[in-house]
Amino acid sequence: QVQLVESGGGLVQAGGSLRLSCAASGILFRFNTMGWYRQAPGNERELVARITSGGTPTYADSVKGRFSISRDNAKNTVYLQMNSLKPEDTAVYYCNPTTNWGQPVASWGQGTQVTVSS
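First things first, this report covers the structure right here in the doc. (Residues numbered from 1 in each chain as written. Predicted model: local features only at pLDDT ≥ 70, side-chain atom pairs only at ≥ 80, totals over all residues. Heavy atoms only, no water.)

### A look at the sheet that holds strand β1 (residues 3-7)
Under the convention used in this document: By this definition, two strands are paired if DSSP reports at least two bridges between them. Secondary structure elements follow DSSP: runs of H or I of four or more residues count as helices, runs of E of two or more count as strands, with numbering from the N terminus. To get an axis, fit a line to the C-alpha atoms, keeping to the stretch in contact for a helix; angles then go from 0 to 180 degrees between the N-to-C directions.
The strand order β1-β3-β8-β7 describes an open sheet built from 4 strands, whose pairing is antiparallel. Looking at strand neighbours, the two that pair on one side only are β1 and β7 (67-72), the edges of this open sheet. Geometrically, the sheet is characterised by an average inter-axis angle of 15° between neighbouring strands, direction not taken into account.

### Describing unusual backbone geometry
Test applied: Three labels apply to residues, based on accessible area from a 1.4 Å probe with only protein chains included: buried if under 20% of the type maximum, exposed if over 50%, partly exposed otherwise in between.
A positive phi angle, near 50°, is found at N76, a position not held by glycine. Position of N76 among the secondary structure elements: in the loop between β7 and β8 (77-82). Given a relative accessible area of 26%, N76 falls into the partly exposed group.

### Side note on the environment of A14
Position of A14 relative to the elements: it lies in the loop between β2 (10-13) and β3 (18-25). Residue class for A14 comes out partly exposed when judged on its relative accessible area of 41%. With 61 residues separating them along the chain, A14 and K75 place their C-alpha atoms 31 Å apart.

### Thoughts on the nonpolar core
Short version of the rule: Throughout this description, the term nonpolar core refers to a set of buried Ala, Val, Leu, Ile, Met, Phe, Trp, Tyr and Cys residues connected via side-chain atoms within 4.5 Å. What makes two residues a contact is simply this: any of their non-hydrogen atoms within 4.5 Å.
The biggest cluster of nonpolar side chains holds 28 residues, and the ones touching the most others in it are W36, V78, L80, M82 and Y93. If you list the elements that add at least two residues to this core, you get β3, β4 (34-39), β5 (46-51), β7, β8, β9 (91-97) and β10 (112-117). With 4 residues, β3 is the largest single contributor of residues to this core. In contact with Y93, not counting residues within four places along its chain, are E6, L20, W36, Y37, R38, F67, L80, M82, G111, T112 and V114.

### Brief notes about the sheet that holds β2
The 6 strands are arranged β2-β10-β9-β4-β5-β6 in an open sheet whose pairing can be described as mixed. The open sheet is flanked by β2 and β6 (57-59), the only strands paired with a single partner. Neighbouring strand axes in the sheet, compared pairwise and without regard to direction, differ in orientation by 25° on average. Of the strand pairs in this sheet, β4 and β5 are connected by 5 bridges, and their pairing is antiparallel. Bridged to W36 within β5 is A49.

Set out below in structure tokens:
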């Protein structure tokens with residue numbers, strides 16, 4: 001059974017930074033593309049970044065140049081470094097193994113809340 005545990009969220013002022021972590025178990029982590037998603041109130045969940053098993057990242061246009069995704073296969077953990085945060089980045093952030101088409105594969109974890117104040 002896949003378990004995903006996100007952490008690192010919090011309240012930050014606009015322009016600030018946060019680093020999110022997601023520890024995964026129950027999957028062959030190093031073989032999976034991993035994605036970070038977010039869901040703001042009233043909005044659908046969206047993919048903001050993903051990283052292939054080989055370490056190649058891709059980003060949504062809304063976060064490109066501000067967010068950086070990375071992974072540590074030895075720790076079965078994927079990270080999301082978020083810089084220059086904006087109020088519109090406020091959302092619950094989730095990670096998930098991800099297909100090549102950006103679709104989540106597993107059940108969702110509890111997520112971690114990111115709130116950016118203006």
